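# Fold and contact review
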Amino acid sequence: MARRSNRQGFRDAAAILPFAAALLLMPPLVRIFATPSIPGAVPPIVLYIFAVWAAIILVALFVARRVGDATDDPEDTPGPGGT
Amino acid sequence: MTKTRVLIVEDEPSIVESLSFILRQAGFDTEIAVDGTEALQRLRRQVYSALILDLMLPGISGFDVLRTVRAEKALETLPVIVLTAKGQAADRKAAEDIGATAFITKPFSNADVVAQVRQLTGN
Amino acid sequence: MLPVNLVVLVCLAYVAILFGVAFAGDRRARKDPTGWLSSPLVYTLSISIYCSSWTFFGSVGSAAKNGLEFLTIYLGPTIVFVGWWIFLRKLVTIGRIHHTTSIADFISARFGKSPALGALITILTLVAITPYIALQLKAITASFQVTTYPAGALVAASQRLEPDFVVAFWLAAGLCLFSIMFGVRNIDVNERHHGVIAAIAVEALVKLVAFLAVGIWVFATLSNAPDVMFRNAPVSLLNPEQGFGSRWVALCFLAGAAVICLPRQFQVTVVENSSDEQIRTASWMFPFYLFLMNLFVIPIAMAGLNYLPAGSDPDLFVLTLPMTNGQETIGLLAFIGGFSSATSMVIVSSIALSTMISNHIVMPVAMRFSLVPTGSGQSARNFILTARRMSIVFIIFLGFIYFWVSGTSDALASIGLISFCGLIQPLPSLVAGLYWQRATHRGALAGLAAGFLVWGYTLFLPSFEGAFLMSADVIENGPFGLTWLKPYALFGQDAYDPLVHALLWSMTVNIVLLVAVSLWREPTPLTRFQATLFIDVFRRQTERERGVIRRTARVADLRQIAGRILGPEETVRLFYLDGVGERAVIASDELLSLVETRLAAHVGAATARTLVSQVVTSETISVEELKRLAGEAEQIRAYSAELERKSRQVEATAAELAAANERLREIDVQKDEFLSQVSHEVRTPMTAIRSFSEILLTNRDLDEARKLHFLGIIQSESFRLTRLLDGILDLNVTEPGEQAWDMTVFDPEVAVEHAIATCEPLARAAGVRIRRGRRARHALVLGSQDRLAQVFINLISNAIKHNPNANPEVVVSSSIRANVTYEAKVADNGPGVAPMDRESIFRKFVRGAKAQQGGVGLGLAISRQIAERFGGELCIFDSKAGGAEFVVRLPLCTRDGAGSGHSTAV
């Protein structure tokens, strides 16, 4: 039971991840960091996007590993094809 | 002739008073203890012919007093009349199991109490 | 500059290595099909053909011109890949199970194996991809020319170079050769192109290493500090707010859709996939590849702006920066990287498209006009192979011709995104096919065709700026002067950028038609059946489900068809080793399905079905059975969702029940205790009354004083009994649900005074002093004055009775708290109540452990209930004098009885 709910948790995370990623990278959220900067300084938006991008990849790595540990589920084994 | 001495252990003053009155009238000498501690102290100092013990006592309960009494060599055979206000069979059984000699339910008839004490003290 | 011969030599050597890798890969895969060539790493690297030369050269150019916009092209795919669990997993699994050969085959198979749908997608894809291939040829040609320009790369990059079509021609020829040699060795598309994939993976590594090398060199020597790097940053980067509007969202969507729908992406992601493990790893590794690929784009772009003269083509910064700084080795590496990214894209695109052309256009046409040779076993296979090879040459040279015709114009520069927008038109059909049972092939056809037409009209044709089909006048003013038909502003919608405008319109029209037409007509039985197979791919499919289609055919005919396409070896295996054997004359459904599946892996589902249908003598699709099955699946899904919901409910109910049971048990125990206590409390005074009555009855001669004393005891015990019964009745009254009291607004101080007065005699008797502390002024509460007085009498008399102190004292004080609460305290200097007993003393019949005097143990329980009944509370603390302190708190109210709140402030 615990294993099943744990697995469900990672599946939920896997399903939520792309929406969270889109939310972080799309306006209006991304606009918060799109502030003007002066020549000769790192624009904050550059740091923001690359940091979010790296974070998404790390979470995806973690989720993929965990979901992978639990795919030995008979429900997930696809059936044979038809005609 | 020395009177037969009975110890009454009861915390309700009115009941103590009525019990001592009827027992004295019946020719017994009575002494009073209002809780278990006092009762045990008196039992160890003095020899009594019978003990009338209320089960609902403040502090040490009547059951515990009875248990202690029965555990002491000198008091093993002391006749103990247990008084209870609850009158439930379970209480009676429990009291008998740990060595109560007789069992009287409140409210009691004075005559019954006197008869019981007489019978147990051989008077 | 670098010598032409050297560059050519390096290119040739590089290509030779690729040939070697492809050759070795093919050989290795034949020996061990599950070896490292099927590893998730190789799979992920092959997906990275997404990064074509447009990425390699174009990202830096875009960053120098448009700031961060180039990132959308990689963020979209990142979102799609990290979301593999929702979409890609299903797509890839279906593709693997149904031996899909291309995106056209996938969609046509889902929508009832419709040949028209497959052909339409093939043609659309061909139109949209040609400019894209031309772009790759242009990129390699330009980079070659810049690298080898005699006057130096910088000069070359800052002037308009006439494209060298000779280079482009030989390049195209080389690409054809490679694609044909390794891409079309066998016709079973599903047998996976291990050699090509191995070569592509190597190319993916080469372009990554090359780009990182340039990036690190730039970062280390030219742009190592922010103040240097961003010295000449473009406005789009310094003031980026404009960059995050509709165009940003549209480009992310476009790129996300493209990474699924581009023929080459579908080929490497779906067709070449062999396990779940691959896609799971790619879900993070591919985004990581993209991340690395983009890490140094901004430093390179900024360095280009800082160190190269104004007017240099930013699209070639990757090359010109190292070349002008004397780093010719890095320059050559960059050239090879660009070469890698362009060639791998062209090779895979042409292989994917050639399969589509041969399966969805050449084969159906050839079969209709009986052009497929029917002679020996090998001839049909050769026909297909030839068709594919010709297709490759056709596709690549179409790109070359496009480049030749448009090479001097600027039209190519922006063609990448325009091409994307056309190539993603199959997306709505693809998504609907995976999730929407009701989607039909008519809907898909209508949506696709309309979406594509809108794309052509609003984006593709106008991009030629009047040079092709559409005149400049039409672009400017609309056809026939109809301004609401202006390509860049349909229905007057001119607020958008042309790309966003075209994407919005084409997708809207596409989706609306797909949905509307699908709803308009019932799906065909075969569409319905295929929809069930696709949508329920993660559910175990039963034998019965596959028996929906009943067909019969003569075994001999079937064997002939199979032999022509599959070759003698596989046919023998299929027909004899599987035990279907010689004996049968009529082929079973299973055999027919098996043969069709095998054929589909070679020529696509639609063509396979047409082939098999040629020899089928009778065919029935049990529509009723099919509907029942579809319905059943639907029901099962609904049922299991319902079950899950119910089981959650049941769990919650069970927990509630358990809690309720527990509570009931507690109440039951309390009830037993209560009854037992009541019995005890009633019997005690009864005993005294009975005993003394008997004494008086049997002792008539008692002296008067004694008699009176005993009668006094009887009377006081009777009072005690009455009080006890009153208390029990009070308890009942205060329990919820009992009769309401007469609630009035009154000053609680009156109740306090009354209580003190009542207790005074008792206090005097016990030698206790009652002291009045602070008083609350003008307090008003809602409740019953008598009941409140009862509470205080209870508290004060308790304090008097349970106080063995030598100098006993009770202090009563009251005050108003925060303008909303009336608070009265009754404190004594007695022994107090141990913390562990503080809650239990409020329970019925519980007295303090040392208490002996009077009372029945109901007082505090009743008092608390009364206080709560008035919306207040009763609790106990330590008093300052060391004893117990009982605190009554009641909400204040106004004279008219309205609730507390701000009443006293008025």
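This report concerns the structure included in the present document. A quick note: this is a predicted structure, and the numbers were derived from the prediction, not measured.

### Overview of the pattern of salt bridges
Residues and elements named next belong to chain C. A full pass over the atoms with the stated rule returns 26 salt bridges over all chains. Where Glu-823 meets Lys-825, a salt bridge forms, and the shortest distance between an N and an O atom there is 3.9 Å. Among the charged side chains, a salt-bridge network with shared partners connects Arg-817, Glu-823, Lys-825, Glu-873 and Arg-889.

### Focus on the interface of chain C and chain A
Counting residues at the interface gives 55 residues for chain C and 47 residues for chain A. Roughly 4400 Å² of surface becomes buried between chain C and chain A when both sides are summed, with 72% attributable to carbon and sulfur atoms. Viewed at the interface, chain A and chain C are joined by zero salt bridges. At the junction of chain C and chain A, the tally comes to three residue pairs in polar contact (both at pLDDT 80 or more). Broken down by element, the residue count for the side of chain C that touches chain A peaks at eight residues, all from helix H16 (residues 276-294) of chain C. Taken together, the residues of the side of chain C that touches chain A break down into 31 nonpolar, twelve polar and twelve charged.

### A closer look at the nonpolar core
In terms of nonpolar packing, the biggest core is built from 204 residues, with Ile-49 of chain A together with Leu-68, Leu-91 and Ile-260 of chain C touching the most fellow members. The leading source of residues in this core is helix H8 (residues 115-148) of chain C, at 16 residues. Each of domain 1 (4-425) and domain 2 (431-539) of chain C gives at least three residues to this core. The residues touching Ile-49 of chain A, leaving out its near neighbours within four places in the chain, are Val-30 of chain A together with Leu-68, Leu-71, Leu-75, Phe-244 and Trp-248 of chain C. Counting residues in hydrophobic clusters, the runner-up holds 40 residues, among them Phe-746, Ala-776, Ile-866 and Leu-892 of chain C.

### Comments concerning the pairing of strand S2 (residues 29-33) of chain B
Residue and element names in this part refer to chain B. Where strand S1 (residues 5-9) lies against S2, five bridges are found, and the strand directions are parallel. In the sheet register, Leu-7 faces S2, and the bridge partner there is Glu-31. Crossover S1 to S2 through helix H1 (residues 13-25) is right-handed.

### Some thoughts on the sheet that holds S1 of chain B
Two pairing modes exist for strands in a sheet, parallel and antiparallel, and in both the strands are linked by backbone hydrogen bonds. All names here are of chain B. On the basis of which strands lie adjacent, the open sheet formed by five strands has the order S2-S1-S3-S4-S5 and parallel pairing. Each end of this open sheet is capped by a strand with a single partner; those strands are S2 and strand S5 (102-105). Adjacent strand axes in the sheet meet at a mean angle of 20° when their direction is disregarded. Of the strands in this sheet, S1, strand S3 (50-54), strand S4 (80-84) and S5 are in contact with helix H5 (residues 110-121), which crosses S5 at around 170°.

### Quick word on the interface of chain C and chain B
Facing 22 residues of chain C, the contacting portion of chain B comprises 20 residues. Here chain C meets chain B over a buried area of about 1900 Å², counting both sides, of which 56% is carbon and sulfur. By the criterion of area lost to chain B, the three top residues of chain C are His-680, Arg-683 and Thr-687 of chain C, representing 27% of everything that side buries. At the junction of chain C with chain B, the criterion picks out one salt bridge. Remark: the boundary between chain C and chain B carries ten residue pairs in polar contact (both at pLDDT 80 or more). Tallying contributions element by element places helix H32 (residues 623-698) of chain C first for the side of chain C that touches chain B, with 13 residues. When the residues that make up the side of chain C that touches chain B are grouped by side-chain class, the tally is seven nonpolar, nine polar and six charged.

### Focus: unusual backbone geometry
Between Pro-27 of chain A and Pro-28 of chain A the backbone carries a cis peptide bond, its omega angle lying at 10°. One can find Pro-28 of chain A in the loop between helix H1 (2-25) and helix H2 (44-69). The step from Lys-106 of chain B to Pro-107 of chain B runs through a cis peptide bond, and the omega angle for that step is -10°. Of note, Pro-107 of chain B is situated in the loop between S5 and H5. Positive phi values are uncommon outside glycine, yet His-99 of chain C reaches one of about 50°. With respect to the element layout, His-99 of chain C can be found in the loop between helix H6 (88-97) and helix H7 (103-110). Positive phi, normally seen in glycine, also occurs at His-778 of chain C, with a value near 55°.

### A short note on the sheet that holds strand S5 (residues 769-772) of chain C
All names here are of chain C. Spatial strand order, S5-S7-S8-S10-S9: five strands in an open sheet with mixed pairing. Edge positions in the open sheet fall to S5 and strand S9 (873-878), since each of these has one partner strand only. Along the sheet, successive strands turn relative to each other by an average axial angle of 20°, direction set aside. Of the pairings in the sheet, the one linking S9 to strand S10 (residues 884-891) comprises six bridges and is antiparallel in character. Each residue of the ladder has a partner; that of Cys-875, found in S10, is Val-887. Most of the contacts of helix H34 (residues 748-766) go to S5, to which it runs at about 160°, and overall it touches S5, strand S7 (809-817) and strand S8 (821-828). Against the sheet, helix H36 (residues 859-869) engages S9 and S10, with an angle of about 125° to S9.

Conventions we followed
Numbers given for residues are sequential positions, taken from 1 along each chain in its written order. Think of it this way: whatever chain is written first is A, whatever ligand is written first is 1, and the rest follow in order. With pLDDT at 70 or above as the cut-off, local features in this predicted model cover only qualifying residues; side-chain atom pairs require 80 or more to be listed or tallied, and sums for whole chains, interfaces and linings still use all residues. Side-chain measures were taken over the full set of non-hydrogen atoms in the model, leaving aside hydrogen atoms and water. We define a salt bridge as a side-chain nitrogen of Lys or Arg found within 4 Å of a carboxyl oxygen belonging to Asp or Glu. Should any heavy atoms of two residues lie within 4.5 Å, those residues are counted as being in contact. What counts as buried area is the accessible surface, traced by a 1.4 Å probe, that two parts surrender upon association, with contributions from both included. A 3.5 Å cut-off defines polar contacts: any pair of N or O atoms within that distance qualifies, except that in protein one atom must be a possible hydrogen donor and the other a possible acceptor, and neighbouring residues in sequence count only when both atoms are side-chain atoms. Strands here are runs of E lasting at least two residues and helices are runs of H or I lasting at least four, both read from the DSSP assignment and numbered beginning at the N terminus. Here the nonpolar group is Ala, Val, Leu, Ile, Met, Phe, Trp, Tyr, Cys and Pro; Asp, Glu, Lys and Arg are the charged ones; every other residue, Gly included, is treated as polar. Residues belong to one nonpolar core when they are buried, are Ala, Val, Leu, Ile, Met, Phe, Trp, Tyr or Cys, and are joined through side-chain atoms within 4.5 Å. Throughout this description, buried means an accessible area under 20% of the type-specific maximum (1.4 Å probe, protein chains only), exposed means over 50%, and partly exposed covers the range between. Throughout the structure description, domain borders are defined by an automatic or database domain assignment. The pairing criterion is simple: DSSP has to find at least two bridges between the two strands. When the strands point away from the viewer, a crossover counts as right-handed if the route from the first strand across the helix to the second turns clockwise. Geometry is summarised by axes, namely lines fitted to C-alpha atoms with helices restricted to the contacting stretch, and by angles between N-to-C directions that run from 0 to 180 degrees.

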